[in-house]
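Notes for the structure review
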Amino acid sequence: MTGASPSAVFATDLKVNMTPTSVSVRTSSTVNSYGERSYSGDATAYPAYVRRVTQAERDTSEDLERCDYVVYIPDQTLTMETDDQVTLPAPISATRPITKVDIRSDALGQVGLVLFIGRRP
């Protein structure tokens, strides 16, 4: 019997059924002499699930204390850092800072990323 691995099937299923929106990501940036970060190149769109953090959640964890949104990106190869740029979909339609990046993995490797998105600067 040949076919895709269970992890690949799950990732495809997740992208098709659980990610109704997409986020735009830019990972290449430079810092000028004033310490300001600027991004170059085109943004890449990734399917994602975006949810707003409620007031009740903010009190239970330091990770959620300073963030407004949590973005789940099911991608097995994407790597991101807090210095990268993410643009959220409509109706938010804004670029916000990334406060934390959490890599989720299983026995076969990375299955996705969880981005904690901060408040507007």
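Right above here is the structure, for reference.
As the structure is a computational prediction, the values presented were derived from the model and not from experiment.

1. Quick notes on the pairing of strand β5 (residues 67-73)
β5 sits mainly inside the fold: six of its seven residues count as buried. Of the pairings in the sheet, the one linking strand β4 (residues 44-52) to β5 comprises four bridges and is antiparallel in character. Note that in β5 the partner of V50 across the bridge is V71.

2. Some remarks on the pairing of strand β8 (residues 98-106)
Of the pairings in the sheet, the one linking β8 to strand β9 (residues 109-118) comprises eight bridges and is antiparallel in character. Counted as the bridge partner of K100 is F116 from β9. Where β8 folds back onto β9 in an antiparallel hairpin, the turn is made up of two residues.

3. As for the nonpolar core
Taken as a class, soluble globular proteins show a tendency for nonpolar side chains to be buried jointly. Judged by nonpolar contacts, the single largest core of 17 residues is most densely connected at V23, V71, I73 and I117. Where this core is concerned, the elements lending two or more residues are β1 (21-26), β4, β5 and β9. Within the second largest apolar cluster, five residues are counted, among which are C67, V70, V114 and F116.

The rules behind the values
- Residues numbered from 1 in each chain as written.
- Predicted model: local features only at pLDDT ≥ 70, side-chain atom pairs only at ≥ 80, totals over all residues.
- Heavy atoms only, no water.
- Buried < 20%, exposed > 50% of the residue type's maximum accessible area, 1.4 Å probe, protein only.
- Helix = DSSP H or I, 4+ residues; strand = E, 2+ residues; numbered from the N terminus.
- Pairing = 2+ DSSP bridges.
- Core = buried A, V, L, I, M, F, W, Y, C linked by side-chain atoms within 4.5 Å.

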